[in-house]
Amino acid sequence: FSMAFWFNVNTGKVEDDDNKSPLDRLMGPFDTHAAAEQALSHARENTERWDAEDKAWDDDGLED
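Starting afresh in each chain, residues are numbered from 1 along the sequence in its written order. Owing to the predicted nature of the model, reporting of local features is limited to residues with pLDDT of at least 70; listing and counting of side-chain atom pairs is limited to 80 or more, with chain, interface and lining totals taken over all residues. The side-chain quantities take in all heavy atoms of the structure and omit both hydrogens and water.

Novice: Sorry if this is basic, but what is going on with a negative patch on the surface here?
Specialist: Within this analysis, patches are made of residues with over 30% relative accessible area and no salt bridge. Like charges are joined at 9 Å or less; nonpolar side chains (Val, Leu, Ile, Met, Phe, Trp, Tyr) at 5 Å or less. Only the protein chains shown count as cover for residues, with accessible areas throughout obtained via the Shrake-Rupley method and a probe of 1.4 Å. Salt-bridge detection follows one rule: a side-chain nitrogen of Lys or Arg within 4 Å of a carboxyl oxygen of Asp or Glu. Neither His nor the chain termini are counted; the positive set is Lys and Arg, and the negative set is Asp and Glu. Charge positions are represented by NZ for Lys, CZ for Arg, CG for Asp and CD for Glu. Together, E45, E48, D51, D54 and D58 line one region of the surface with negative charge. In this description a helix means any DSSP run of H or I spanning at least four residues, a strand means any run of E spanning at least two, and both kinds are numbered starting from the N terminus. On the secondary structure map, D58 appears in helix 2 (residues 39-60). The class for D58 is exposed, based on a relative accessible area of 59%. Under the scheme applied here, a residue whose accessible area is under 20% of the maximum for its type counts as buried, over 50% as exposed, and between as partly exposed, the area being computed with a 1.4 Å probe on protein chains only.

Novice: Before we go on, may I ask you to explain the sheet that holds strand 3 (residues 26-30) in this structure?
Specialist: Strands belonging to one sheet form pairs held by backbone hydrogen bonds; the direction of such a pair is parallel or antiparallel. Here, a strand pair is defined by DSSP locating no fewer than two bridges between the strands. Taken in spatial order, the three strands line up as 2-1-3 in an open sheet, and their pairing is antiparallel. Only two strands of the sheet have a single neighbouring strand rather than two, namely strand 2 (14-16) and strand 3. The mean inter-strand angle of the sheet, taken between neighbouring strand axes irrespective of direction, is 30 degrees. Sheet analysis places strand 1 (residues 5-8) next to strand 3, joined by three bridges and oriented antiparallel. By the bridge assignment for strand 3, F5 is matched with F30. In what follows, a contact means two residues having at least one pair of non-hydrogen atoms within 4.5 Å. As a rule, the C-alpha atoms of each element are fitted with a line to give its axis, helices using only the stretch in contact, and angles between N-to-C directions run from 0 to 180 degrees. Sheet strands in contact with helix 2 are strand 1 and strand 3, and its direction is about 100 degrees off that of strand 3.

Structure, rendered in structure tokens:
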């Protein structure tokens with residue numbers, strides 16, 4: 001059994017299964033401590049990419 005890691009969005013700290021806060025404060029689970037530490041930056045990158053894709057979709061529109 002491997003331990004999961006969680007990123008606490010309230011504290012900005014990584015937690016593990018043994019010491020995790022309520023789930024409404026957490027992002028995860030992640031396989032590694034390092035991956036959990038990067039949770040916010042990955043989420044930001046995904047949001048920026050999705051926003052760009054949405055804008056491209058809106059700009060191109062659908063061909064009728």
